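Chains, contacts and geometry: an overview
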Amino acid sequence: MAAGTWQRKDLLGIAELSADEIRLILETAESFSQVAERPIKKVPTLRGKTVVNLFFEASTRTRSSFEIAEKRLSADGLNFSSSGSALSKGESLIDTALNLQAMAPDLIVIRHGAPGAPHLLARRLDAGVINAGDGAHEHPTQALLDAYTIRQHKGRIAGLKIAIVGDIEHSRVVRSNIHLLTKLGAEVTVAGPLTMLPAAVDRLGVRVCHRLEDAIAGADVVMMLRIQLERQSRALFPSTREYFQLFGLTRERLKAAAEDAIVMHPGPMNRGVEIASDVADGPESVILEQVANGVAVRMAVLYLLSGAGEEGV
Amino acid sequence: MKTLVTGGRVIDPSQDLDGFFDLLLEDGVVARVDESVSASDAEVFDAEGLVVCPGLIDIHVHLREPGEEYKETVATGTRSAAVGGFTAVACMANTKPVNDSRSVTEHILEEARRAGYARVHPIGAVSKGLAGEELAEIGEMVRAGVVAVSDDGLPVANAELMRRALLYAQHFDIPVIQHAEDLDLTGSGVMHEGEWSTRLGLPGIPGSSEDVIVARDLILLEDTVGRYHVAHLSTGRSLAMVRRARQAGLRVTCEVSPHHLLLTDQAVSDMEMSTATKMKPPLRASTDREALLEGLADGTVDAIASDHAPHHVDEKDVEFTAAPFGIVGLETTLSLCLDRLVRPGVISISRMIELLSTGPARVLGIPGGSLAEGRPADVTVFHPDRSVTVDAATMASTSHNTPFDGWKLKGAPVCTFVAGKKINP
């Protein structure tokens, strides 16, 4: 699939993408990854294009990553957050978006706490919409940067054993990753406390384990998920101490994985809750590479959705 | 005033009647049903090619008046009912203020009389202000015209209050209608908990949220010997409990809604999280849907009720999690039932009429639901296979929140008579 064949106006989730479309984004990201290594980290590709970053939830890393990607592509970025805006005065999401639309942006990057919020906007707006995380639904660029990182280390996705451990129910990262990794042929296992495993998760084409040890046995990739500490007050787990005992990734436990296994985490990490510090900082950890790759992947997505792909890379 | 409805296929499950009869309506009652009736001074309605049946009764609607007239009023809601072929509706008490007093009941009845489209049978609140603490003045409301009590929109969560309601309502021989939902189990849920809630990342409402309340109430019913009705029953397990309880001799009835019979939770995904698929109880799993269809066929289900829940477009045109629960249904129910239940042979046309008329009348103990001589001249006439396309934008209801917009259906209401008077909605 060549860049010019990208047909979508929006990137709302991985669920609707074909394997070919996923590969196209990853390949496009590769061509952008060198930009970060140049003395002047900027290309003129999106000059004259306007991108609005519409963040309704606090997010430092995803937002920064998109902003850097936009700047490196020479796009004009506008940041818009819900606090201090008309939204805090009761304006609806659609009205806010229509007001922005009137300013003729080319792309809108949206992070929102409600699943489907980007889809709602995409149906109404001419601008392309990029989902930067909608509730517990999808976080497509995170899954793409994860896949990019895995390919970088393993050279492939197909046939890999990938374990995802933690709060599966509330994670948008895990849903996008399940869709992406299974579409590209990986064997995905999920594990976590039963109170944090969503109903019928096996119907998503994954193996389900209830013990960390079973999940990571022989795994090529171990992806740990962030535990939101406020879940404890909702009785989803008794204490962080007990959680770490049962589901924390320690160096000892990691021995069960494949010898050359890599460890991933979408961040931000709770050290000593879902992952021990010596693992987070250890040689298997590719966590900071994930962050770096996020910029290239987001550049690729912005580039493809802006229509620039029609002219070739 | 006399009207002679001639040449139609008259189907009346209350008398086990199905054939071509003339129907004479006189002085507000059914005067005669016979193969050939002559009444030279009567206005003639030619019903050839049409089905004539006891007036349809929707025992679960929200008219939103008083308090939320921007969503619906008694007038627009009853007009919507008439357009949909209903001659009577029972309206829930969760208005603002709540219908927990004689004055609110009387206001609703006065508005209904003034509008003149369909009979309205108000349902009073079980508890004052729907607060779930003290019994409302049920006797006073019964005198004013309520036919049942319910805190619908909310469950009667307190078991002791439910027990007392089941006991106290027996003084008036009215059912206690339960919105069966354990709010702790529902939590922040917005759709059925299952594969699709997992895929969409939307918080789920487990089927057990309904089941535990039905189970508890049936135990209370056994102790109190009262009359209990489950509103908008949606799960296979609840239905099985109702079936068993009835076999054991308890006075329990239940209704289901067309959307639970025709859609599953997959519709939330198929319709890209359209808020027209957000209702309570939520659209359930396909196994639940199949169980409900069985319950229709085997007689466990007493009524099909639309749970007509109008909401303004500004409230529904938001993120799925932020939207209110509920859809409109008065104008789609009959066509949906004809096309999706009768045509494929899930139920007979006579059973459908029983579920939409005779059954609801029996549940509430109201006089309609029959074309027997001397009964109220409430009649629905419909075309069994005229093609229609659901068009939310042109509905008579003030609100247009329906997941069935654009559906092509065969079978449509033609007109209604209320107390012998032809209604022109």
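Look up a bit, the structure's there.
Residues numbered from 1 in each chain as written. Chains lettered and ligands numbered in written order. Predicted model: local features only at pLDDT ≥ 70, side-chain atom pairs only at ≥ 80, totals over all residues. Heavy atoms only, no water.

Here's the deal with the interface of chain B and chain A
To keep it simple, the criterion reads: Should any heavy atoms of two residues lie within 4.5 Å, those residues are counted as being in contact. Two parts lose some accessible area (1.4 Å probe) when they are put together, and adding that loss for both gives the buried area. For salt bridges, the criterion is a side-chain nitrogen of Lys or Arg within 4 Å of an Asp or Glu carboxyl oxygen. Polar contacts, as used here, are pairs of N or O atoms within 3.5 Å; protein pairs need one atom able to donate a hydrogen and one able to accept it. Residues neighboring in sequence count only if both atoms are side-chain atoms.
Counting from both sides, the interface comprises 16 residues of chain B and, opposite them, 21 residues of chain A. Note on chain B versus chain A: buried area summed over both sides is about 1,500 Å², and carbon and sulfur give 55% of it. Sorting the residues of chain B by area buried against chain A places B:Thr198, B:Arg199 and B:Glu319 first, and these three jointly supply 38% of that buried surface. Inspection of the chain B/chain A interface yields three salt bridges. Here B:Asp317 makes a salt bridge to A:Arg124, at a shortest N to O gap of 2.3 Å. Counting across the interface, chain B meets chain A through seven residue pairs in polar contact (both at pLDDT 80 or more).

Looking at unusual backbone geometry
The following threshold applies: Secondary structure elements are taken from DSSP: a helix is a run of H or I of four residues or more, a strand is a run of E of two residues or more, and numbering for both begins at the N terminus. Only protein chains enter the accessibility calculation, which uses a 1.4 Å probe; a residue is then buried when its area is under 20% of its type maximum, exposed when over 50%, and partly exposed in between.
With an omega of 5 degrees, the peptide bond running from B:Glu65 to B:Pro66 counts as cis. Take B:Pro66: it is sitting in the loop between strand S6 (56-61) and helix H1 (74-83). Residues B:Lys280 and B:Pro281 are joined by a peptide bond in cis, for which omega reads -10 degrees. Mapped onto the fold, B:Pro281 is located in the loop between helix H10 (266-270) and helix H11 (286-298). A positive phi angle is found at A:Ala200, which is not glycine, with a value near 55 degrees. In this fold, A:Ala200 is placed in the loop between strand S6 (187-191) and strand S7 (207-209). Of note, B:Asp16 is a non-glycine position whose phi angle comes to about 55 degrees, a positive value. If you trace the backbone, B:Asp16 turns up in the loop between strand S1 (2-12) and strand S2 (17-26). In this structure B:Asp16 comes out as exposed when scored by relative accessible area, which is 72%.

Comments concerning the sheet that holds strand S4 (residues 128-134) of chain A
All names here are of chain A. Stated precisely, the cut-off is as follows: In this scheme, strands are said to pair when DSSP sees at least two bridges between them. Helix axes use the C-alpha atoms of the stretch in contact, all axes being lines fitted to C-alpha atoms, and the angles between their N-to-C directions lie in the range 0 to 180 degrees.
The four strands are arranged S2-S1-S3-S4 in an open sheet whose pairing can be described as parallel. Edge positions in the sheet fall to strand S2 (76-81) and S4, since each has one partner strand and no second. Sheet twist, expressed as the average angle between the axes of neighbouring strands with direction ignored, equals 15 degrees. Across six bridges, the pairing between strand S1 (residues 50-55) and S2 is parallel. Note that in S2 the partner of Asn53 across the bridge is Asn79. Sheet contacts for helix H3 (residues 93-101): S1, S2 and strand S3 (107-112); angle to S2, the most-contacted strand, approximately 155 degrees. Strand contacts of helix H4 (residues 117-124): S1, S3 and S4, with the helix running at about 170 degrees to S4, the strand carrying the most contacts.

Quick word on the environment of A:Leu288
Residues and elements named next belong to chain A. Looking at the secondary structure, you find Leu288 in helix H11 (residues 287-305). Of the residues examined, Leu288 reaches a relative accessible area of 70% and is grouped as exposed. Linking Leu288 and Met264, residues 24 residues apart in sequence, is a C-alpha distance of 9.0 Å.

Some points on the sheet that holds strand S10 (residues 176-178) of chain B
All names here are of chain B. Read across the open sheet, the eight strands follow the order S6-S7-S8-S9-S10-S13-S14-S15; overall the sheet is parallel. Since the sheet does not close on itself, it has two edges, and those belong to S6 and strand S15 (303-304), each with one partner. Pairing analysis gives three bridges linking S10 to strand S13 (residues 228-230), with the strands arranged parallel. Bridge pairing links Val176 to Tyr228 in S13.

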